[in-house]
Amino acid sequence: MLEKLFLVIDGVSFTLSFILAALRRSLSFRLRLLRHSMSSSSSKASASSEPKKPRNIVIVGASIAGYTAARTIAQYLLPDSEFRVVVVEPRDHFHFTWVLPRFCVAEGHEHKVFIPYGGYLPPGSLEADGGKVAWIKDRVASISRESVRLQGAGEDIPYEFLVVATGAGATDSLPSRVPAYEKERGMELLREMQKRIREAKDLVVVGGGAAGVELATDAKSKYPEKKVTLVHSRDAVMHRFGPRLQNAARDGIKELGIELVTGDRVVSEDKEKGVAVLKSGKEVKCDYLVNCTGQRPDSKLIAALSPASISESGHILTKPTLQIQDDALPNVYVCGDVSETNTTHPNTRSAMRQASIVAYNVISGTEGQKPKEKYVPHWLDGVIKLTLGIDKSVSNVGNEKAEFLFPGKEKEELMAAGAWHRLGAKPFEDTSSEFWAKVKAKI
């Protein structure tokens, strides 16, 4: 009981300190803005009319970490700053990956995964005259100490500061990530998977983390007549979390009639026999297998530039300031799932908090100051909502000593509308053409 009380006190303390830090930064920016306004008005007469060449803050990747970093940096750059944000991202929409396991099963919602870019940025960011953000639809092929090279255009983009936010995923395919840059192709892939799950009689899901548990329980909940088997190599599903969530997940799986195999793994699939072969030698009837295993950080760009900055797990090693752990690259920052920050359960919350820390430190750098903000992992970032069927979920928060569990009811579309709102888009109106028109006009 005392452990839970201490957990609550610690959570309240963290929340208050987070709010106070945000207020401090906001006040500091307003004072900077006031000083800038006063000094710029007195120096207009002596200022040169020749515009300065912009100095680039390049952000690689615009999932939630990169997108948040771009938004925050653009928000805190002074009006006539010589710096600008350059986002390099190959996808034409933001991918809301949290709903992917659900929308791989439930039909008619696939368009809700793809949120138009632009609305999350500060107003006027993309304007041709005075906007602080440039957006390039491309991939980064390589990084040097001075520039990034674009894969498609073959162009080098010089940078003063670099933010790497390339993320991580269970696989490069559904239900972890959408393996497509264009929305239309992404929706096709989701519909194809929906169809295969709908038509399968013996579905085997590999991996007992959140994606595997959610897809398996959604499939069995929506199609009760279907045989669903969930195979997990550990002794308990959701093994990275506390025992209460593990038990809740196991109970939800059992209640739906899913066959749960733990402590074993799939080593091959014999499609002619229609079975998945396990390491133990057991064969499980299977006419469709879905892989939901492991997390793989996309750190290859930094691995080529600074091999010693890559951890054994493939993540990018960082300092508390979220600079890369290479003293020769003090202007390179990392945030999100690709970073090694000792975050217990990386998710959107931790990625956004890291992105904000990076943004504030980059802003300090643009003003000739050393980075001061530090990222300290906190258990409150690890809150998780786990669905256990189409209309049921359980939320979990806690640390290694205590945890809270909150059962809930869900709609089929989950929190898709809320995500659109938070990213500045009206559900579910695709206004991406307006965004790309501004991007092209600026170029």
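See the structure printed just above.
None of the values given here were measured: they were computed from a predicted structure.

A. Up close: the overall build of the chain. Looking only at helices and strands, the chain has 10 helices and 24 strands in total. Rg of the C-alpha trace for the chain: 23 Å, near the compact-globule value of 22 Å for 443 residues, within the 12% margin. A principal-axis box enclosing the C-alpha atoms of the chain has dimensions of 80 × 55 × 45 Å. When the 443 residues of the chain are sorted by exposure, 51% land in the buried category. In the chain, of all internal contacts separated by at least 6 residues, the share reaching a separation of at least 24 is 66%.

B. Layout of the environment of Tyr223. Mapped onto the elements, Tyr223 comes out in the loop between helix H5 (210-222) and strand E12 (227-232). Residues Tyr223 and Gly252, 29 residues apart in the sequence, show an inter-C-alpha distance of 15 Å. Look past the residues within four positions of Tyr223 in its chain and what remains in contact with it is Val105, Glu107, Ile197 and Arg198.

C. Inspection of the nonpolar core at higher detail. If you look at the biggest cluster of nonpolar residues, it comprises 91 residues, and the most contacted ones within it are Ile73, Trp135, Ile197, Leu203, Leu215 and Leu230. In terms of nonpolar packing, the next biggest core, distinct from the first, is built from 23 residues, Val86, Ala134, Val148 and Ile302 among them.

D. How the structure looks around the sheet that holds strand E9 (residues 161-164). In space, the five strands of this open sheet follow the order E5-E2-E1-E9-E20, with parallel pairing throughout. The sheet is open, and its two edges are formed by strand E5 (133-136) and strand E20 (332-334), each paired on a single side. For this sheet the average axis-to-axis angle between neighbouring strands, irrespective of direction, equals 20 degrees. Bridging between strand E2 (residues 83-88) and E5 involves four bridges; their strand directions are parallel. Looking at the pairing, Val88 lines up with Ile136 of E5. Here helix H2 (residues 64-76) sits on the sheet in contact with strand E1 (55-60), E2, E5 and E9, set at roughly 155 degrees to E1. Against the sheet, helix H8 (residues 348-366) engages E1, E2, E9 and E20, with an angle of about 170 degrees to E9.

E. Local environment of helix H6 (residues 243-256). Taking 1.5 Å per residue as the helical rise, H6 with its 14 residues ought to reach 20 Å, and the 20 Å between its terminal C-alpha atoms agrees with that figure. By the burial criterion, the buried members of H6 are Leu245, Gln246, Ala248, Ala249, Gly252 and Ile253. Down the axis of H6, the smallest arc covering the buried residues is 165 degrees, so these residues share one side. Turned more than 90 degrees away from the buried face of H6 sit Pro243 and Glu255, all of them exposed. Turning to H6, the residues buried within the fold contact H5, E12, strand E13 (259-262), strand E22 (384-387), strand E23 (392-398) and strand E24 (403-409). Of the residues flanking the end of H6, it is Gly257, one or two places downstream, whose phi is positive at about 85 degrees.

F. Looking closely at the pairing of strand E11 (residues 202-206). Of all five residues that make up E11, five are buried, and the element is covered over most of its length. Residue alternation in E11 divides its side chains into two sets, Asp202, Val204 and Val206 and Leu203 and Val205, and both sets are buried. Where E11 lies against E12, five bridges are found, and the strand directions are parallel. Opposite Asp202, over in E12, you have Lys227 as the bridge partner. Read from E11 through H5 to E12, the crossover connection turns out right-handed. Relative to strand E17 (residues 288-291), E11 runs parallel, the two sharing four bridges. Bridged to Val204 within E17 is Leu289.

G. Main features of unusual backbone geometry. For the bond running from Leu174 to Pro175, omega is 10 degrees, close enough to zero to count as cis. Within the secondary structure, Pro175 is located in the loop between strand E10 (168-169) and helix H4 (183-199). Residues Pro427 and Phe428 are joined by a peptide bond in cis, for which omega reads -10 degrees. Along the chain, the position of Phe428 falls in the loop between helix H9 (416-422) and helix H10 (432-442).

H. Structural view of the state of the cysteines. Within this structure, the stated rule accounts for zero disulfides. Here Cys292 is not cross-linked by a disulfide; its sulfur's nearest cysteine counterpart is in Cys104, at 8.3 Å.

Criteria and thresholds
Residues numbered from 1 in each chain as written. Predicted model: local features only at pLDDT ≥ 70, side-chain atom pairs only at ≥ 80, totals over all residues. Heavy atoms only, no water. Helix = DSSP H or I, 4+ residues; strand = E, 2+ residues; numbered from the N terminus. Rg over C-alpha atoms; globule rule 2.2 N^0.38 Å. Buried < 20%, exposed > 50% of the residue type's maximum accessible area, 1.4 Å probe, protein only. Contact = heavy atoms within 4.5 Å. Core = buried A, V, L, I, M, F, W, Y, C linked by side-chain atoms within 4.5 Å. Pairing = 2+ DSSP bridges. Axes fitted to C-alpha atoms, helices over the stretch in contact; angles between N-to-C directions. Expected span 1.5 Å × (residues − 1). Arc of directions from axis to C-beta. Right-handed = clockwise from strand over helix to strand, strands pointing away. Disulfide = S-S within 2.5 Å.

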